[in-house]
Amino acid sequence: MCIPAWNEERIIAESAAAVRDALKKIRPDCRVVVAVNGSTDRTAERARKVNGISVLTIPTRGKGAAVVAAARASFADIFGFIDADLSTPPSSIRELFLLVQNDACDIAIGSRLIDKSTVRRGILRTLTSEVFNVLRRGLIGIKVLDTQCGLKLMNERGREILAGCEEKGWFFDIEFLARAEKSGLRIREVPVPWNEYHYPGRKAKLRILRDGIESIRAMIRIRGRLSH
């Protein structure tokens, strides 16, 4: 399981330990890798102090760069990633893991749009998310309802597709799922609770205006790649 982390020194030890403990209840041989991408604080140092946690350091900044690098370095039969802020709780991993393990799907992803009653987020973030989804459907046409939830697990076929993605930023999930759909992989969305306030006082890394513009640029880039 990969945890991408950029400047998360305050929370990374607690998050990594929580993910490790959740995985041990599912399968004892599971590994947790914190993919530290371009951090300028002590994220890597603090992650290394957590028992049973591996650290992969990537000089390139960007969540996509971190997750894709971890996928390329992995030989796991089931690979996944979860956000460092634990907005989706580690307890949600189990259901997705079992779906992939039992060959019910190739990729299992958390969804905040199937059961919205379990989602805690600000009104502005909710509105911008809805606009984003309209644009995504228009520009890319992915069938998946929620591409951006930070919890996803996959089998080796899914990991190979993820390892071939080129997007380095927030919107690599779109490229991954678009490529997966194009390749005929079976994708299952699973409703998960989501709480963007899991760590009180933590500042969100997403900037609505800046990243809203970047999301459109990313979708245009992805559409161009998929057309070749």
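Just above sits the structure.
This is a predicted model, so every value here is computed, not measured.

One can find Asp85 in the loop between β4 (79-81) and α4 (93-101). At a separation of 3.0 Å, a polar atom in the side chain of Asp85 contacts the main-chain amide nitrogen of Ser87.

If a probe the size of a water molecule is rolled over the atoms, the empty space left behind becomes visible. Under the criterion given, the structure shown has one cavity of 30 Å³ or more. In this structure, the largest cavity occupies an estimated 40 Å³ of space. Lining the largest cavity, in full, are Asp85, Asn195, Glu196, His198, Tyr199 and Arg202.

It is worth spelling out the layout of surface pockets at this point. As a volume, the second largest pocket reaches approximately 390 Å³. Considering the residues around the second largest pocket, the lining is formed by 21 residues, among which Met1, Arg31, Val33, Ser74 and Ala76 are closest to the centre. Sorting the residues of the lining of the second largest pocket by element identifies β3 (53-58), α3 (63-73) and β4 as the ones contributing at least two each. Looking at the lining of the second largest pocket residue by residue, the classes come out as 14 nonpolar, three polar and four charged.

With that out of the way, let us pick up helix α7 (residues 172-182). Burial of α7 is extensive: eight of the 11 residues sit out of reach of the surface. Along α7, the positions that sit buried rather than exposed are Phe172, Asp173, Ile174, Glu175, Phe176, Leu177, Ala178 and Ala180. Gly184 sits one or two residues past α7 and shows a positive phi near 80 degrees.

Before going further, it helps to spend a moment on the packing of aromatic side chains. This model, assessed by the stated rule, comprises one aromatic pair. Between the aromatic rings of Phe81 and Phe172, the centroid separation amounts to 5.5 Å while the plane-to-plane angle is 50 degrees, which identifies the pairing as tilted. Placement of the pair is Phe81 in strand β4 and Phe172 in helix α7, with a sequence separation of 91 residues. Of the residues examined, Phe172 reaches a relative accessible area of 0% and is grouped as buried. Over the ring of Trp194 we find Arg112; its NZ or CZ atom is 4.9 Å from the centre of that ring.

Time to look at the packing of helix α6 (residues 156-163) against α7. As a packed pair, α6 and α7 sit with axes 9 Å apart at the nearest point and diverge in direction by 125 degrees. When the axis of α6 is compared with that of α7, the two are oblique. Seen along the crossing, α6 lies across α7 with a hand that is right-handed. Contact with α6, carried on its side by Gly158, Ile161 and Leu162, involves Phe172, Phe176, Arg179 and Ala180 of α7 and no other residues of that element. Across the contact of α6 with α7, the residue classes break down as five nonpolar, one polar and one charged.

A few words on the packing of α3 against α6. Their axes nearest at 8 Å, the elements α3 and α6 cross at an angle of 130 degrees. Relative to α6, α3 is oriented oblique. As α3 packs across α6, the resulting crossing turns out to be left-handed. Contacts between α3 and α6 involve Val67, Val68, Ala71 and Arg72 from the former and Arg159, Leu162 and Ala163 from the latter. Partitioning the contact of α3 with α6 into residue classes produces five nonpolar, no polar and two charged.

Scoring rules and cut-offs
Residues numbered from 1 in each chain as written. Predicted model: local features only at pLDDT ≥ 70, side-chain atom pairs only at ≥ 80, totals over all residues. Heavy atoms only, no water. Helix = DSSP H or I, 4+ residues; strand = E, 2+ residues; numbered from the N terminus. Polar contact = N/O pair within 3.5 Å; in protein donor to acceptor, adjacent residues only side chain to side chain. 1 Å grid on protein atoms, 1.4 Å probe; cavity = no way out; pocket = protein on both sides within 12 Å on 5 of 7 lines; lining within 4 Å. Points joined across faces, edges and corners; volume = space filled by probe spheres on them. Nonpolar A, V, L, I, M, F, W, Y, C, P; charged D, E, K, R; others polar. Buried < 20%, exposed > 50% of the residue type's maximum accessible area, 1.4 Å probe, protein only. Phe/Tyr/Trp six-rings, centres within 6.5 Å; stacked < 30°, edge-to-face > 60°. Lys NZ or Arg CZ within 6 Å of the ring centre and 35° of its normal. Axes fitted to C-alpha atoms, helices over the stretch in contact; angles between N-to-C directions. Parallel < 35°, antiparallel > 145°, perpendicular 65-115°, else oblique. Left-handed = near helix turned anticlockwise from the far one by under 90°. Contact = heavy atoms within 4.5 Å.

By themselves, these figures tell us nothing about what the structure is for.
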